[in-house]
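# Secondary and tertiary structure notes
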Amino acid sequence: MKKKPSKNKMWGGRFTSKPSNLLQKVNSSIHFDYKLFEEDIEASIAHAKMLAECKIISKKDSVSIISGLKKISSKFKEGNFKLNPELEDIHMNIEYQLQKEIGNPAKRLHTARSRNDQVSTDLRLYVRKKNNQLIREISNLQYALSKKAKAGYNLLMPGFTHMQTAQPITFGHHLLAYVEMLSRDKSRFIDCNKRLNENPLGSGALSGTSFPINRKITTKSLGFNKPMQNSLDAVSSRDFVLETISSITICSIHLSRLAEEIVMWMSGGFDFIDLPDNLTTGSSIMPQKKNPDLAELIRGKTGRLISSFINISIVMKGLPLAYSKDLQEDKEPTFDAIENFELCLQSMTAMITSLKTNQKNMELAASSQFSTATDLADWLVQNLNIPFRTAHEITGKIVKLCLDENIALEQINIEKLKKIDKRINKGIYKALNVKDSVERKISEGGTSPKNVLKQANKWIKRLENDK
Ligand code: ARG
């Protein structure tokens with residue numbers, strides 16, 4: 001007698017053979033979507049409870065399903081849950097395991113539900129949880145930056161435009177620029193969670209269900225704000241993933257810019273900062289080397305984070321409504337982006353907390369390269385009532401003279417200055433001191449130490465209150 005072909009245990013009814021090895025290899029997602037384990041159990045418990053409350057399944061079956069799911073959850077946490085690729089994904093792995101655990105009642109769990117609304121629910125729960133974690137990590141980084149900014153509120157350094165020395169600033173001011181960026185970044189994640197927090201469960205495969213379900217019950221137990229209002233949209237939209245990853249992308253670009261600065265500040269040409277040995281690496285050949293790999297990897301990982309956004313955008317762009325299996329391809333880039341971004345945030349916080357500044361070199365650089373030339377022009381305007389454009393021209397001539405004589409602005413003698421413009425007097429030298437220069441920048445948002453200290457304290461207080 002011919003042996004009956006074995007078929008897929010969860011949907012084999014209309015099939016005469018089981019999936020080929022090739023199909024299984026391409027189709028199976030359990031090796032990555034096991035990460036939705038907790039959410040899948042949580043959503044299934046909510047669903048089973050609701051089915052009983054609406055009298056779609058018996059109370060007895062519901063109780064048995066829920067206790068079985070809880071047992072499976074403990075097994076998973078203990079590492080005793082075997083992932084089976086033949087069962088495709090996390091949803092069917094859990095349901096099959098439930099059958100083994102409690103027998104027939106398990107077969108009622110998938111009433112009025114499809115994997116399509118199930119996976120959309122799980123992923124929303126997962127992304128919501130991760131967004132909250134990321135929000136906390138961003139706050140930690142903001143806190144580390146604000147503390148360092150407070151410590152360096154009057155530490156001078158050169159500010160750059162075009163990577164050329166522009167005007168003196170304080171280190172605290174520089175760090176607080178990132179605190180501001182991160183605060184906008186954080187608000188993007190908060191926003192994502194507001195929009196994604198709607199319940200797809202109960203949308204079935206695509207069209208809803210004929211069972212008398214109550215979606216308000218699962219909405220409440222899963223902490224969603226309301227049931228999604230269109231079943232086609234609910235099973236097939238992933239804009240919540242795109243929105244989250246675009247927020248990750250934007251924030252990672254900010255981290256990458258700071259990482260680039262850390263690399264620069266640590267290089268010999270600058271020598272502004274140092275990182276501890278445990279956050280740097282050595283070279284296998286050059287014994288003297290101490291490399292800022294952590295900062296470089298934050299900068300480097302930005303590439304994969306940006307491409308996750310592009311990846312999922314391309315997956316989505318051609319999909320007709322409603323569900324298509326392409327949607328399974330949303331998970332790996334989502335998990336990868338979230339996990340790597342979290343590592344980037346933690347790494348940056350560790351570096352900022354422990355970096356040491358080299359005051360001497362920073363101050364030396366702050367006062368070099370004619371960094372107070374704008375102050376000189378401003379002095380001409382404020383003291384001699386010269387129009388700014390003319391003052392700019394006069395200052396340009398003074399800089400040119402200094403360049404020709406290879407001296408700094410403050411070394412030029414008064415006679416030579418008077419030759420350029422006879423109205424100039426000795427008071428001008430006061431404009432050239434870097435410390436005075438930053439202290440004069442008292443305009444709102446400016447670099448004056450007084451302003452920076454106030455801002456740092458404001459952020460520290462705000463972040464401490466948020467904890
Ligand atoms: N593993 C699938 C996914 O991630 C779950 C949904 C499967 N739905 C289906 N109709 N085959 O998208």
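Structure first, text after, so check above.
Attention here is on the structure that accompanies the text. (Residues numbered from 1 in each chain as written. Predicted model: local features only at pLDDT ≥ 70, side-chain atom pairs only at ≥ 80, totals over all residues. Heavy atoms only, no water.)

## Examining the packing of helix H7 (residues 171-196) against helix H10 (residues 239-266)
Where H7 meets H10, the closest approach of the two axes is 8 Å, and the angle between their N-to-C directions is 165°. Accordingly, the angle class assigned to the pair H7 and H10 is roughly antiparallel. Taken as a pair, H7 and H10 cross one another with a handedness that is left-handed. Of the residues assigned to the contact of H7 with H10, the class counts are 14 nonpolar, four polar and six charged. (Axes fitted to C-alpha atoms, helices over the stretch in contact; angles between N-to-C directions. Helix = DSSP H or I, 4+ residues; strand = E, 2+ residues; numbered from the N terminus. Parallel < 35°, antiparallel > 145°, perpendicular 65-115°, else oblique. Left-handed = near helix turned anticlockwise from the far one by under 90°. Nonpolar A, V, L, I, M, F, W, Y, C, P; charged D, E, K, R; others polar.)

## Focus on the pattern of salt bridges
A full pass over the atoms with the stated rule returns 26 salt bridges. Across the salt bridge formed by Glu339 and Lys35, the nearest N and O atoms sit 2.8 Å from each other. With Glu339 in helix H12 (residues 331-354) and Lys35 in the loop between helix H2 (30-33) and helix H3 (37-53), this pair connects stretches of sequence that are 304 residues apart. Look at Lys35 and you get partly exposed, because its relative accessible area is 28%. Close ionic contact of Arg195 with Asp191 constitutes a salt bridge, the shortest N to O distance being 3.0 Å. Of the two residues, Arg195 and Asp191 are both situated in helix H7; the distance of four residues between them amounts to about one turn of the helix. Residue classification places Arg195 among the partly exposed positions, given a relative accessible area of 46%. Bridged by salt links that share partners, the residues Glu88, Asp89, Arg115 and Lys325 form one connected network. (Salt bridge = Lys/Arg side-chain N within 4 Å of Asp/Glu carboxyl O. Buried < 20%, exposed > 50% of the residue type's maximum accessible area, 1.4 Å probe, protein only.)

## A few points about the nonpolar core
Grouped together as the largest cluster of nonpolar side chains are 92 residues, with contacts concentrated most on Leu145, Leu255, Ile262, Phe341, Met348 and Ile352. Here this core gets 13 residues from one element, more than from any other, and that element is H10. Filtering out sequence-adjacent residues up to four positions away, Leu255 remains in contact with Leu141, Leu182, Ile298, Phe341, Cys344, Leu345 and Met348. By size, the runner-up hydrophobic cluster in this structure holds 20 residues, among which are Ile398, Ile412, Leu417 and Ile428. (Core = buried A, V, L, I, M, F, W, Y, C linked by side-chain atoms within 4.5 Å. Contact = heavy atoms within 4.5 Å.)

## Quick look at helix H5 (residues 90-102)
An ideal rise of 1.5 Å per residue puts 18 Å on 13 residues; H5 measures up with 18 Å between its terminal C-alpha atoms. Burial analysis of H5 places ten of its 13 residues in the buried class, which makes it a mostly covered element. Where H5 is concerned, the buried positions are Ile90, His91, Met92, Asn93, Ile94, Glu95, Tyr96, Gln97, Leu98 and Ile102. Structurally, H5 contributes buried residues whose contacts are with H2, H3, helix H4 (59-77) and helix H6 (115-151). Gly103 sits one or two positions beyond H5 and adopts a positive phi of about 75°. (Expected span 1.5 Å × (residues − 1).)

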